[in-house]
Amino acid sequence: MNIHEYQAKEVLKSYGVAIQEGIVADTPEAALEAAKKLNAETGTSWYVIKAQIHAGGRGKGKIQSTGSNGVVLARGLDEVMEKAKNILGGTLVTHQTGPEGKKVNKILIAQDVYYPGASEPKEYYLSILLDRAKGCNVIMASTEGGMDIEEVAENHPEKIIKEWIDPKVGLQGFQARKLAFKLGLEGTAFKGMVKFITSLYEAYIATDSSQFEINPVLKTSDDKILAVDAKVNLDDNALFKHKHLAILRDFEEEDPLEVEADKYGLNYVKLDGNVGCMVNGAGLAMATMDMIKLSGGEPANFLDVGGGANATTVEAGFRIILQDPNVKAILINVFGGIVRCDRIANGVVEAYKTIGDIKVPIIVRLQGTNAEEGAKIIDESGLKVSSAITLKEAAEKVKAAILVPSEK
Ligand code: GDP
Ligand code: MN
């Protein structure tokens, strides 16, 4: 589960990680109030206004209607409301949102931490994630902060420093010092970075996160080390242990169909194609999507109904697929192992009747226990559903279905 930058910073702060202070707002008036409060608390008189969406690249991204960037500087209280207006309610398009962009419902008003001083502020990169190949967490750091890290990894892999953490003993002091040293830091900044890495790793473990990315980590002109940005990804499977984190979920950032599917325990991912599919088992779902492509269609979704498919889950799956206006045909591909094919067939027929008014053709391929009986139930139902036994047959029927106008 992803959370917003303002939430991530609060979580990190509670573990002693130094952050760029800020206050979240959802109206221009609240933004001004937030700026005044920040001024009183931190003494700052310049502010950064940051769009809160679950995607990166906001600094370079643009609000469609106003042309404002997703991260802007306000030089004084007078500029806050106007600049907030240009971001709030707009649609922000960044290289991570896709061309449709994401609506900005909230902004973070933060203190400007790039103030002039004894030295230039410098941006670093830090992330923590699981290295699956090595079976342990890895901390990655780079002096090339603020940049697109994929580009750094591609062109200058030597500029990414890695430190693997032995799960038996956790992060050791020497490892945090080694990272800070390799980043070229000394004195106060060195100590600050060691503390930063140590508390960041503690937060990562305590929250059962699956990824942290802090880009940039800033060394201020007076040698403080703090998080300017924060991407926190929490492990969904551990959320039951962390109620205070689970409530940070922002449904507005998620696809509404995916949210609904989640309620029924369906594994659904929306895609851009025209053939909806409902399958039991992730492997079979992948194979089915390949098959749809081979027959000239494009999958409209990934939907795994799991091993215990029944009339209720089939109906829920149907409803979700049908809400996608791009869907021209639906392919149901179920292997009857634990669940018998005749049961699935009855489930499909029942769901079809309950929903009613289904305009798109449906192809049902049932294989496994009682496959023949299942096919018979489908074919004799009198509904616009056709059965297939082999994959090839199903592919041909899908092909025919998407060639013919669905209204016929
Ligand atoms: P992202 O573009 O979504 O990754 O958002 P970030 O939070 O990383 O902000 C983007 C960029 O805005 C940073 O790399 C900084 O260059 C700039 N920025 C962020 N905070 C401040 C600030 O306090 N002052 C100034 N001058 N620039 C800032
Ligand atoms: Mn960033």
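Conventions and cut-offs
Residues numbered from 1 in each chain as written. Chains lettered and ligands numbered in written order. Predicted model: local features only at pLDDT ≥ 70, side-chain atom pairs only at ≥ 80, totals over all residues. Heavy atoms only, no water. UniProt positions renumbered as here; feature names shortened; annotations may be inferred. Donors = N, O, S within 2.8 Å, 3.2 Å for Na, K, Ca; no water. Helix = DSSP H or I, 4+ residues; strand = E, 2+ residues; numbered from the N terminus. Buried < 20%, exposed > 50% of the residue type's maximum accessible area, 1.4 Å probe, protein only. Near = heavy atom within 4 Å. Polar contact = N/O pair within 3.5 Å; in protein donor to acceptor, adjacent residues only side chain to side chain. Areas by Shrake-Rupley, 256 points an atom, 1.4 Å probe, with all protein chains shown as cover. Nonpolar A, V, L, I, M, F, W, Y, C, P; charged D, E, K, R; others polar. Domains from an automatic or database assignment. Contact = heavy atoms within 4.5 Å. Core = buried A, V, L, I, M, F, W, Y, C linked by side-chain atoms within 4.5 Å. Patch = residues over 30% accessible without salt bridge, like charges linked within 9 Å, V, L, I, M, F, W, Y side chains within 5 Å. Salt bridge = Lys/Arg side-chain N within 4 Å of Asp/Glu carboxyl O. Lys, Arg positive; Asp, Glu negative; His and termini not counted. Charge placed at Lys NZ, Arg CZ, Asp CG, Glu CD. Phe/Tyr/Trp six-rings, centres within 6.5 Å; stacked < 30°, edge-to-face > 60°. Lys NZ or Arg CZ within 6 Å of the ring centre and 35° of its normal. Axes fitted to C-alpha atoms, helices over the stretch in contact; angles between N-to-C directions. Parallel < 35°, antiparallel > 145°, perpendicular 65-115°, else oblique. Left-handed = near helix turned anticlockwise from the far one by under 90°.

- In the nomenclature of an unreviewed UniProt entry, the protein is known as Succinate--CoA ligase [ADP-forming] subunit beta of Rhodonellum psychrophilum GCM71 = DSM 17998.
- In its Pathway (unreviewed entry) section, UniProt records this for the protein: "Carbohydrate metabolism; tricarboxylic acid cycle; succinate from succinyl-CoA (ligase route): step 1/1."
- Per UniProt, the protein has the following entry under Sequence similarities (unreviewed entry): "Belongs to the succinate/malate CoA ligase beta subunit family."

Focus on the coordination of the manganese ion (ligand 2)
A metal bound by six donors in octahedral fashion has ideal angles of 90 or 180 degrees, whereas one bound by four tetrahedral donors has an ideal angle of 109.5 degrees.
Step number 1: Around the manganese ion (ligand 2), the protein supplies N215 (O) and D229 (OD) as donor atoms, at distances of 2.2 Å. With N215 in strand β11 (residues 209-219) and D229 in the loop between β12 (225-227) and β13 (231-234), this residue pair connects regions lying 14 residues apart in the sequence.
Step number 2: Looking at D229, the relative accessible area reads 11%, which means it is buried.

Comments concerning the site of ligand 1
Step number 1: Around ligand 1 sit 18 residues, and of these K50, R58, G59, D112 and V113 come closest.
Step number 2: K50 is positioned such that a nitrogen or oxygen atom in its side chain is 2.7 Å from an oxygen atom of ligand 1.
Step number 3: Contact between ligand 1 and D229: an oxygen atom at 3.1 Å from a side-chain N or O atom of the residue.
Step number 4: With the chains in place, 79% of the 570 Å² that ligand 1 exposes on its own is no longer accessible.
Step number 5: Elements represented by at least two residues in the shell around ligand 1 include exactly β2 (47-51), β4 (71-74) and β11.
Step number 6: Split by residue class, the shell around ligand 1 holds seven nonpolar, six polar and five charged.
Step number 7: Looking at which domains feed residues into the shell around ligand 1, each of domain 1 (21-111) and domain 2 (122-246) gives three or more.

As for the domain arrangement of the protein
Step number 1: Here the protein is described as being made up of domain 1 (21-111), domain 2 (122-246) and domain 3 (256-407).
Step number 2: Using C-alpha coordinates to define each centre, domain 1 is positioned 44 Å away from domain 3.

Focus on the UniProt feature "binding site: Mg(2+)" (unreviewed entry) in the protein
Step number 1: The feature "binding site: Mg(2+)" (unreviewed entry), as annotated in UniProt, sits at N215 and D229 in this numbering.
Step number 2: Judged by relative accessible area, which is 15%, N215 ranks as buried.
Step number 3: Excluding its chain neighbours within four sequence positions, the residues that come into contact with N215 are Y124, Y125, G145, G146, M147 and D229.
Step number 4: For N215, the side chain forms a polar contact with the main-chain nitrogen of G146, separated by 2.6 Å.

Brief notes about the UniProt feature "binding site: ATP" (unreviewed entry) in the protein
Step number 1: In the numbering adopted here, UniProt assigns the feature "binding site: ATP" (unreviewed entry) to K50, G57, R58, G59, V113 and E123.
Step number 2: Beyond its immediate chain neighbours, meaning those up to four positions away, R58 contacts E5, K50, A51, Q52, I53, N69, G70, V71, L92, T94, D229 and K231.
Step number 3: Inspection of the secondary structure assignment puts V113 in the loop between β7 (107-111) and β8 (122-131).
Step number 4: Once you skip the residues sitting within four places of it in the chain, V113 turns out to touch Q20, L218, T220, L226 and V228.

A few points about the nonpolar core
Step number 1: In terms of nonpolar packing, the biggest core is built from 40 residues, with L12, L126, I139, M193, F196, L200 and I214 touching the most fellow members.
Step number 2: Examining the composition of this core, we find that nine residues originate from one element, helix α6 (residues 187-206), more than from any other.
Step number 3: Once residues within four sequence positions are removed from consideration, I139 is found in contact with L126, S127, I128, I161, K162, E163, I165, L171, L179, I197 and Y201.
Step number 4: Counting 34 residues, the second-largest nonpolar core is a separate cluster that includes A300, A309, A316 and F318.

Observations concerning a negative patch on the surface
Step number 1: A contiguous patch of negative charge on the surface is contributed by D148, E150, E151 and E154.
Step number 2: Within the secondary structure, D148 sits in the loop between β9 (136-142) and α4 (149-155).

Observations regarding the packing of aromatic side chains
Step number 1: Using the criterion set out here, one finds two aromatic pairs in the structure.
Step number 2: Taken together, a centroid distance of 6.2 Å and an interplanar angle of 25° make the contact between Y201 and Y204 stacked. Taken as a pair, Y201 and Y204 lie in helix α6 at a separation of three residues, close to a single helical turn.
Step number 3: Here the basic side chain of R75 rests over the ring of W46, its NZ or CZ set 5.4 Å away from the ring centre.

Structural notes on the packing of helix α11 (residues 341-355) against helix α12 (residues 371-379)
The relative placement of two packed helices is expressed as an angle between their axes plus a distance between the axes.
Step number 1: In contact at an axis separation of 7 Å, α11 and α12 are set at 15° when each is read in the N-to-C sense. Here α11 lies roughly parallel to α12, going by the angle between them. Here α11 runs over α12; the crossing is right-handed. Residue-level contacts link C341, D342, A345, N346, V348 and V349 of α11 to A371, E373, G374, I377 and I378 of α12.

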